[in-house]
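Chain by chain, the residues:
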Amino acid sequence: MTPEEYERWHVRNCARCGRRAAKSADWSDGPICRTCYERAMRVRGCCPGCGADRLLPGLDTGTPICRDCAGITRDFFCDRCGFEGLLLGRRLCERCTLTDSLARFLDDGTGRVAPPLHPLKTALLETDRPKSRLIWLRNPNVVRLLRGLAAGTIPLTHEGLDQEAPWRTVHHVRDLLMDSGVLPRIDRQILLYQRWLTERLATIDDPEHHRLLRHFTTWHQMRRLRAAAEKGPLGRSQTHQAKQETTQAGAFLTWLADRGRTVEHCQQADLDAWHTEKPATRRPAQTFLRWCMRTGRMPRLTLPPQVIAQDQAPLYQHRRLAMLRRTLNDDSLPLRSRVVAAFVLLYAQPVSRIVRLTIDDVTDDGTTITVSLGHPPSPLPEPVTDLMRAYVRSRQDLPYASSRSSRWLFPGRQPGQPMNPGSLQAHLREIGVPPQRGRTSAIRQLVLQAPAPVIAKALGYHEKTATRLVTEAGGTWSRYAPGDHSR
Ligand SMILES: [Zn+2]
Ligand SMILES: [Zn+2]
Ligand SMILES: [Zn+2]
C-alpha cells in the first residue's frame, strides 16, 4: 500500500477529538482515532438508552451509551472471561492478557508458574490497572528479572537481587516481592541506604572498582546490616557508618589507581602511605581493606593499629597529657571528678566499671594505694595516691548519711546505689575529659606509647617518678616493660 492509499483508506478527521489520524473504528458517530477508541473502552456506567450497567463506548449527542444502543456491530467481550472492555490480541481482555504474560515470564521451565512466585503473580493480577502492568512488562529488564527469578538463575533472595541491575527496576521488583510476602521485609534504613548506594555506585566509572565495591557492599555490608536489622529497627548511625566505609573504600581504590597499582598488587608501603594523610577521614576504609584481605582479593598486609598517625600524634598526645596534668594539679576542679578522670585517663576504665568500685577495692598500706581494677590490683602512681587519699577523706563530709556509710566508692543519691554512670560522664565532660570508652582506649595507647621521660616532662615530674608511674601501674600497663617505650 502506498502512503497515498493508506492516507485515503485509513486517515480521517476523528469524530470525537477532531484530529486527523488513522481511524481505529467507524461507529455510528463517525470515524474514531486510536486515542478516542481506547478512552471509549474505559467508559462504564448505566446506559441511558437501555438501563444496562456495562461498557458505554458509543456516543449519542455527547452522552455515552452502550454498544447495542449505539448500533456498533463489533462486540468487546473477552473470549475467555466475558469481560466487556478493551480487547488485545487473540480477543482477550487486558487482565487475561496479563495473566498469560505472567504465566509465560514466571514459568519455572516446566510449563507452570514457579511455586514460590505464586503470591507475586496474584498480587500483580490484583491491580486496578492491568494496562500499566502490561506496559511495565514491556521493559526488557523486568522480563529478564522475572524470568531469572522463576528459572532460578537469579536466587530468590535479597542478596540475589543485590547483584542485579538496573537498581531502580530491581528496587521495584523487590518491593513487590516484599509486599506479596515472597521475601522478608527489609528495614527502612537499609532501603534508604540501598538507594544511596545505587546513586553512589553509578558515579564510579572504573568497571573493576565498581565490581569490587558492589561485592563488598553486597556480601559484607548488606549482610551485616540485615543481621543487625533482624534484632530490631536500625538507627541512622549504622547506615551512616556503612556510607562512610563505602565512600572511603571508593576513595582508596581511586587513590591506589593513581599510584598505578591494583588491589591485588597492593603493597605495605601503599597502605602505610594511605594512612599517613587524613587518617581520621580515611580510617573507615579499613573495613573494606580487611574484607579484601580476608577474601583473598588483596595480599595480607598490616593495618595500622587504632593509633593516630605520626604527624598527628604529638598534638593528640599533648592534649591527653594536658588533660591528665590538669586533672592531677588543678585543685579548683571537684575532687571526685578528678579521681574518676585519672581512672579514665590512666587505666582506660569505662565509667560503668568505675562506678562499681567499692571502698574495699581500695587498699592503703600507708605508703602505696592499690585499686582492684583487675588482677592483680593496680598500684596508683604517686600523684594519684594523694588525690585518692583526699577523696576518701572527703567522703566523710558527704551530705547524706546513707552516702557516708555506703560501701560504694562513688555513692549515688539513691540509698545503697552507686552513682549513675550517666551523671558521672556528665561530670567528666564538665572538666573536659571525654568519657567514651573508644576515646579512652586511644588515650591509653598514647599515654602508654609515650616514652617515660616525655610523660615526666609533660606532667612536670622527675623522670624517675614517671618511669615508676609506668612500671608500677601494673595491670593494664604490665605488657609494656621499661625499654619497650620506643615503639
Ligand atoms: Zn479522536
Ligand atoms: Zn444501551
Ligand atoms: Zn478476559
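Residues numbered from 1 in each chain as written. Chains lettered and ligands numbered in written order. Predicted model: local features only at pLDDT ≥ 70, side-chain atom pairs only at ≥ 80, totals over all residues.

## A few points about the overall build of the chain
Piece 1. Each helix and strand counted, the chain has 24 helices and 12 strands in total.
Piece 2. When the 487 residues of the chain are sorted by exposure, 28% land in the buried category.
Piece 3. Counting contacts in the chain only where the partners sit at least 6 residues apart, residues at least 24 apart contribute 52% of the total. (Helix = DSSP H or I, 4+ residues; strand = E, 2+ residues; numbered from the N terminus. Buried ≥ 20, exposed ≤ 12 C-beta atoms within 10 Å, placed from the backbone. Contact = placed C-beta atoms within 7 Å.)

## Details of helix α5 (residues 118-125)
Structurally, the α-helix is built with 3.6 residues per turn, so residues lying three or four positions apart point the same way.
Piece 1. For α5, the complete set of buried residues consists of Leu120, Lys121 and Leu124. Down the axis of α5, the buried side of the element spans an arc of 100 degrees, and every buried residue falls inside it.
Piece 2. The inward-facing, buried residues of α5 contact α4 (94-105), α6 (130-136) and α9 (167-179). (Arc of directions from axis to C-beta.)

## Details of the nonpolar core
Piece 1. Val340, Ala341, Ala342, Phe343, Val344, Leu345 and Leu424 are the most contacted members of the largest nonpolar core, which totals 27 residues.
Piece 2. Where this core is concerned, the elements lending two or more residues are α16 (313-329), α17 (335-347), α18 (351-354), β11 (369-371), α19 (382-394) and α21 (421-430).
Piece 3. For this core, the element with the highest residue contribution is α17, accounting for eight residues.
Piece 4. Sequence-distant contacts of Ala342, defined by excluding residues within four places in its chain, comprise Thr327, Leu328, Val384 and Leu387.
Piece 5. Listed in part, the 16 residues of the second largest apolar core include Leu213, Ala249, Leu271 and Ala285. (Core = buried A, V, L, I, M, F, W, Y, C linked by C-beta atoms within 7 Å.)

## Quick look at the sheet that holds strand β1 (residues 11-13)
Piece 1. Read across the open sheet, the three strands follow the order β1-β2-β3; overall the sheet is antiparallel. Every other strand in the sheet has two partners, leaving β1 and β3 (30-33) as the edge strands with one partner each. Along the sheet, successive strands turn relative to each other by an average axial angle of 70 degrees, direction set aside.
Piece 2. Relative to β3, strand β2 (residues 20-27) runs antiparallel, the two sharing four bridges. (Pairing = 2+ DSSP bridges. Axes fitted to C-alpha atoms, helices over the stretch in contact; angles between N-to-C directions.)

## With respect to the packing of helix α7 (residues 140-151) against α9
Piece 1. For the pair α7 and α9, interaxial distance at closest approach is 10 Å and the crossing angle is 50 degrees. Between α7 and α9, the angle is such that the two are oblique. Here α7 and α9 pass one another in a crossing that is right-handed. Side by side, α7 and α9 meet where Asn141, Val142 and Leu145 of the first sit next to Thr169, Val170 and Val173 of the second.
Piece 2. Grouping the constituent residues of the contact of α7 with α9 by class yields four nonpolar, two polar and no charged. (Parallel < 35°, antiparallel > 145°, perpendicular 65-115°, else oblique. Left-handed = near helix turned anticlockwise from the far one by under 90°. Nonpolar A, V, L, I, M, F, W, Y, C, P; charged D, E, K, R; others polar.)

## Overview of the environment of His10
Piece 1. Looking at the element boundaries, His10 is found in helix α1 (residues 3-10).
Piece 2. Expressed as a C-alpha distance, the spacing of His10 and Lys23, which sit 13 residues apart in the sequence, is 5.8 Å.
Piece 3. When residues no more than four places from it in sequence are discounted, the contact partners of His10 are Ala22 and Lys23.

## Remarks on the pairing of β2
The side chains of a regular strand alternate, residue by residue, between the two faces of the sheet.
Piece 1. Where β1 meets β2, three bridges bridge the pair, whose relative direction is antiparallel. Pairing of Arg12 across the sheet is with Ala21, part of β2.
Piece 2. Where β1 hands over to β2, the hairpin turn is made up of six residues, of which Gly18 adopts a positive phi near 85 degrees.
Piece 3. Between β2 and β3, which pair antiparallel one after the other, the connecting turn spans two residues.

## So, the packing of α4 against α5
Piece 1. It is the contact of α4 with α5, at a shortest axis distance of 10 Å, that shows an interaxial angle of 160 degrees. In terms of axis orientation, α4 runs roughly antiparallel to α5. In this structure, α4 crosses over α5, and the sense of that crossing is right-handed. Contacts from Arg95, Leu98, Thr99 and Leu102 in α4 reach Lys121, Leu124 and Leu125 in α5.
Piece 2. Tallied by class, the residues present in the contact of α4 with α5 amount to four nonpolar, one polar and two charged.

## Concerning the environment of Cys14
Piece 1. Relative to the assigned elements, Cys14 resides in the loop between β1 and β2.
Piece 2. Along the backbone, Cys14 and Ser24 are 10 residues apart, and their C-alpha atoms lie at a distance of 9.5 Å.
Piece 3. Among residues more than four places away in sequence, those in contact with Cys14 are Arg19, Ala21, Pro31, Ile32, Cys33 and Cys36.

## As for unusual backbone geometry
Piece 1. Cis geometry is found at the peptide bond from Ala165 to Pro166, where omega equals -10 degrees.
Piece 2. By the element assignment, Pro166 lies in the loop between α8 (158-162) and α9.
Piece 3. A positive phi is found at Thr61, a non-glycine position, where the angle reads about 40 degrees.
Piece 4. Position of Thr61 among the secondary structure elements: in the loop between β6 (58-60) and β7 (63-65).

## Some words on the environment of Glu208
Piece 1. Relative to the elements of secondary structure, Glu208 occurs in helix α11 (residues 207-230).
Piece 2. Distance from Glu208 to Leu253, taken between C-alpha atoms, is 9.6 Å for residues 45 residues apart in sequence.

## A word on the confidence of the model for the chain
Piece 1. Model confidence for the chain is summarised by a mean pLDDT of 82, while 82% of its residues fall at 70 or above.
Piece 2. Contacts for the low-pLDDT stretch residues 307-315, under 50 throughout, to residues beyond four places or in other chains number nine contacts.
Piece 3. In the predicted structure, residues 450-463 sits below a pLDDT of 50 and forms 28 contacts with residues beyond four places in sequence or in another chain. (pLDDT = per-residue confidence, 0-100.)

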